[in-house]
Amino acid sequence: MKIIVCIKQVPDAKDVRLDPETNTLAREGVQSIMNPYDQHALEEAVRLKEQLGGEVTVLSMGPPQAEEVLRQAISCGADRGVLISDRAFAGADTWATSYTLAKAVNKIGDFDLILCGKQAIDGDTAQVGPGLAIQLEIPFITCIQKVREADEKHLVMERMMDDGYDVVSVQYPVLLTVVKDLNEPRVPSLKGKMKSKKAKIEMLTAADVGADAACIGLAGSPTQVVDVFPPPPRGERAILTGNIDEQVEQLVAKLATYL
Amino acid sequence: MLIVDKDLCVGCEVCVDNCAFGAITVIDGLAVVGDACTLCGACVDSCEVEALHIEGGEKSVQADLDSWSGVWVYCEFRAGLLAPVSLELLGIGRKLADARGVKLSAVLIGSDTGESAAKLIAHGADIVYRADNAALKYFTDETYGAVLTKLIQEHKPEVVLAGATAIGRSFIPGVANTLGAGLTADCTQLDIRADDGALLQTRPAFGGNIMATIVCPHSRPQMSTVRPNVMKALDTDASRSGELIDVDLEPAMLQAKVQVLESVISEHDDVNIQESDILVGGGRGLESEKGFDLIRELAKSLNGSVAASRAAVDSKWIGYPHQVGQTGKTVAPKLYIACGISGAIQHVAGMQSAETIVAINRDAEAPIFNVADFGIVGDLFEVLPKLISTIEGRQK
């Protein structure tokens, strides 16, 4: 089994705060972490490798420091890390990102399975996984919550829906995006940590993968951000007063329209 | 790339304050752009001395932009039901179509869709494209994607909207990628720009800490997914007339490599919390699985559904489909009652679009009170039973 896991380095949401005075994001001291959903994708890849044999390659697109998350992935069981990084990728939207990742996947070589997190917590679009599958001309299934059966040929899984779940079956190659119900990611082993320190992360540029300049970065992005502004403020807030009975009475009166 | 004109830059740091990505620093009185720059352009607009501009690779503009016309809504139909968001989208779609002076079309894909097409017309659609076939009974990205892609290629609508549901957020990105179209996820506001008729798509970013408005200047269609419960459906008007077109389905469009073996609808527990008008959320303060009985009881008295914080889900007190927040679902109900939820930013990101937020927590310093319209500081196990009995008393 050849498995590729796509991983994104994202700012840790718990550190991101809005500066109430300037209404901008205070990002000082914000730590970079592996996108939480991607940890579950990685864990599933390593489990499938342990069950069926094979190799897990982790792929990231981002600035040079994204190398850190690839090393972290190797410490958790991945075999090989590839980072595609180029200033020319700046401004890439989900279309340009899918295109760039597809080029990198083709460079990495054969694969049976690609795993991605459902979405990255900084953009929340959930568009790059499906986009990558389309670019590679393989089927995709989103929001996998459980793998019921896995062998060398096919997978039977549950995909999360709004009203329950669907049981789906597919043969390789396929791209899956996963939700966090899927598994419990492991912590790195000591051996894994040693391995990750010594690992050589392969670096790719736009030229290395033969990316068309018109399809990457800002030029390759059909969407463009034209305005960024703080969300409209919520109205006056009120902490109710009085004893609990009085507060409950007041609250129910305030909520009358919803009852 | 973002270019700083060294002769014009005065090192005032206004751009630093306006950069949501922390990508600009001022070194020796000169703005320096770092790797975190996403070329969003916020700094360019903010610069008072016009020292910043973006130099991009040349964008190729699709030649036939003007030949794309009409507003389309993908109307989700699953297990015999139209998703409520479909009707909400026809509401906003009607406004956009009228602003552009074009027709509003609905795309209905499924099996045994019955009277659904007539319902879509009564809610504002001028045309319904119906793909009703036994092979479309279950949703697959391949079949639904093939049908919608072909229809878009054939009829060339300028705008395509879909609900930001499990189904919409799955196959719409595939369709957009196939078409090379721009797609904006989870929009909360849609408008037509007056000067050129472009679709202005506004969505929250960074867990709702900032809003971003996005356009697709060079290509068509302009595609958006829209969160449930944000837009308003029009009232049913049975006197409205519209055209129903049954789509020619080629056998290849009905083939899928992914097979759906079974569709399991959660019956005993309402997990579709994104469609609920009223949500009662429970967190760590409930202390146990049994604590959720109170949440269920309150939800029932309000005819609402049960939501949860990550802490409660991680403690296995309730299932993941109920989780609200950054790694769960984003909800926008009319009323959200947060019980024993501290209000970590990850949770708030998932529910701050609620019309009214109530917080009940024994810790007066809990951040949840910063987003709550009404707060009660007190013990849940004392407050909730009283609240339930007061509500039930009022309903009698």
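Residues numbered from 1 in each chain as written. Chains lettered and ligands numbered in written order. Predicted model: local features only at pLDDT ≥ 70, side-chain atom pairs only at ≥ 80, totals over all residues. Heavy atoms only, no water.

(A) View of the domain arrangement of chain B. Domain boundaries in chain B define domain 1 (2-54), domain 2 (66-254) and domain 3 (273-395). The gap between the C-alpha centroids of domain 1 of chain B and domain 2 of chain B is 38 Å. (Domains from an automatic or database assignment.)

(B) Structural detail: the packing of helix 2 (residues 67-75) of chain A against helix 5 (residues 190-198) of chain A. All names here are of chain A. The N-to-C vectors of helix 2 and helix 5 enclose an angle of 140°; their axes lie 7 Å apart at closest approach. If you check the angle between helix 2 and helix 5, you find them oblique. You can see that helix 2 and helix 5 cross each other, and the crossing is right-handed. The segment helix 2 lies against helix 5, with Arg71, Ile74 and Ser75 engaging Gly192, Lys193, Lys195, Ser196 and Lys197. Residue classes in the contact of helix 2 with helix 5 are distributed as one nonpolar, three polar and four charged. (Axes fitted to C-alpha atoms, helices over the stretch in contact; angles between N-to-C directions. Helix = DSSP H or I, 4+ residues; strand = E, 2+ residues; numbered from the N terminus. Parallel < 35°, antiparallel > 145°, perpendicular 65-115°, else oblique. Left-handed = near helix turned anticlockwise from the far one by under 90°. Contact = heavy atoms within 4.5 Å. Nonpolar A, V, L, I, M, F, W, Y, C, P; charged D, E, K, R; others polar.)

(C) Up close: helix 1 (residues 36-52) of chain A. If you check helix 1 of chain A, its first and last C-alpha atoms are 25 Å apart, about what 17 residues at 1.5 Å a residue would give, namely 24 Å. Counted residue by residue, helix 1 of chain A has 13 buried out of 17 residues, so it is predominantly covered. (Expected span 1.5 Å × (residues − 1). Buried < 20%, exposed > 50% of the residue type's maximum accessible area, 1.4 Å probe, protein only.)

(D) The arrangement of unusual backbone geometry in detail. Backbone torsion omega between Tyr172(A) and Pro173(A) reads -5°, so that peptide bond is classified as cis. With respect to the helices and strands, Pro173(A) occurs in the loop between strand 11 (164-171) and strand 12 (174-178). Note that the residue after Arg220(B), namely Pro221(B), is joined by a cis bond; omega there is 0°. One can find Pro221(B) in the loop between strand 14 (210-215) and strand 15 (222-226). Here Asp124(A), not a glycine, exhibits a phi torsion of approximately 60°, which is positive. Within the element layout of this structure, Asp124(A) appears in the loop between strand 8 (113-117) and helix 4 (128-136). Among the residues examined, Asp124(A) registers a relative accessible area of 13% and is labelled buried.

(E) Seen up close, the side chain of Ser86(B). All names here are of chain B. When you line up the elements, Ser86 lands in helix 3 (residues 84-100). Ser86 sits in the buried class, given a relative accessible area of 1%. For Ser86, the side chain forms a polar contact with the main-chain nitrogen of Glu76, separated by 2.8 Å. (Polar contact = N/O pair within 3.5 Å; in protein donor to acceptor, adjacent residues only side chain to side chain.)

(F) Fine view of the sheet that holds strand 10 (residues 159-163) of chain B. Residue and element names in this part refer to chain B. Read from one edge to the other, the open sheet built from seven strands follows the order 11-15-10-5-8-9-16, with strand pairing classed as parallel. With partners counted over all chains shown, the strands left at the sheet margins are strand 11 (182-187) and strand 16 (243-246), one partner each. Strand-to-strand, the axes of this sheet are offset by a mean angle of 20°, without reference to chain direction. Where strand 5 (residues 71-75) lies against strand 10, three bridges are found, and the strand directions are parallel. By the bridge assignment for strand 10, Trp72 is matched with Val160. The strands touched by helix 5 (residues 141-155) within the sheet are strand 5, strand 8 (104-110), strand 9 (127-132) and strand 10, with strand 8 carrying the most contacts at an inclination of about 155°. Sitting on the sheet, helix 6 (residues 168-179) is in contact with strand 5, strand 10, strand 11 and strand 15, with an inclination near 170° to strand 15. (Pairing = 2+ DSSP bridges.)

(G) Examining the environment of Val383(B) more closely. Topologically, Val383(B) is positioned in helix 11 (residues 380-395). Among all residues touching Val383(B), those that are not within four sequence positions of it are Ile244(A), Val248(A), Ile360(B), Ile376(B) and Gly378(B).

(H) Structural detail: the interface of chain A and chain B. Listed by partner, the interface residues are 84 residues for chain A and 110 residues for chain B. Of the roughly 8400 Å² buried where chain A meets chain B, counting both sides, 58% is carbon and sulfur surface. Broken down residue by residue, the surface that chain A buries against chain B is led by Asp162(A), Arg234(A) and Tyr258(A), which jointly contribute 10%. Counting across the chain A and chain B interface gives five salt bridges. One salt bridge connects Lys386(B) with Asp245(A), and the closest N-O pair in it is separated by 3.1 Å. Applying the counting rule to chain A against chain B returns 31 residue pairs in polar contact (both at pLDDT 80 or more). Looking at the side of chain A that touches chain B residue by residue, the classes come out as 47 nonpolar, 17 polar and 20 charged. (Buried area = accessible area lost by both parts, 1.4 Å probe. Salt bridge = Lys/Arg side-chain N within 4 Å of Asp/Glu carboxyl O.)

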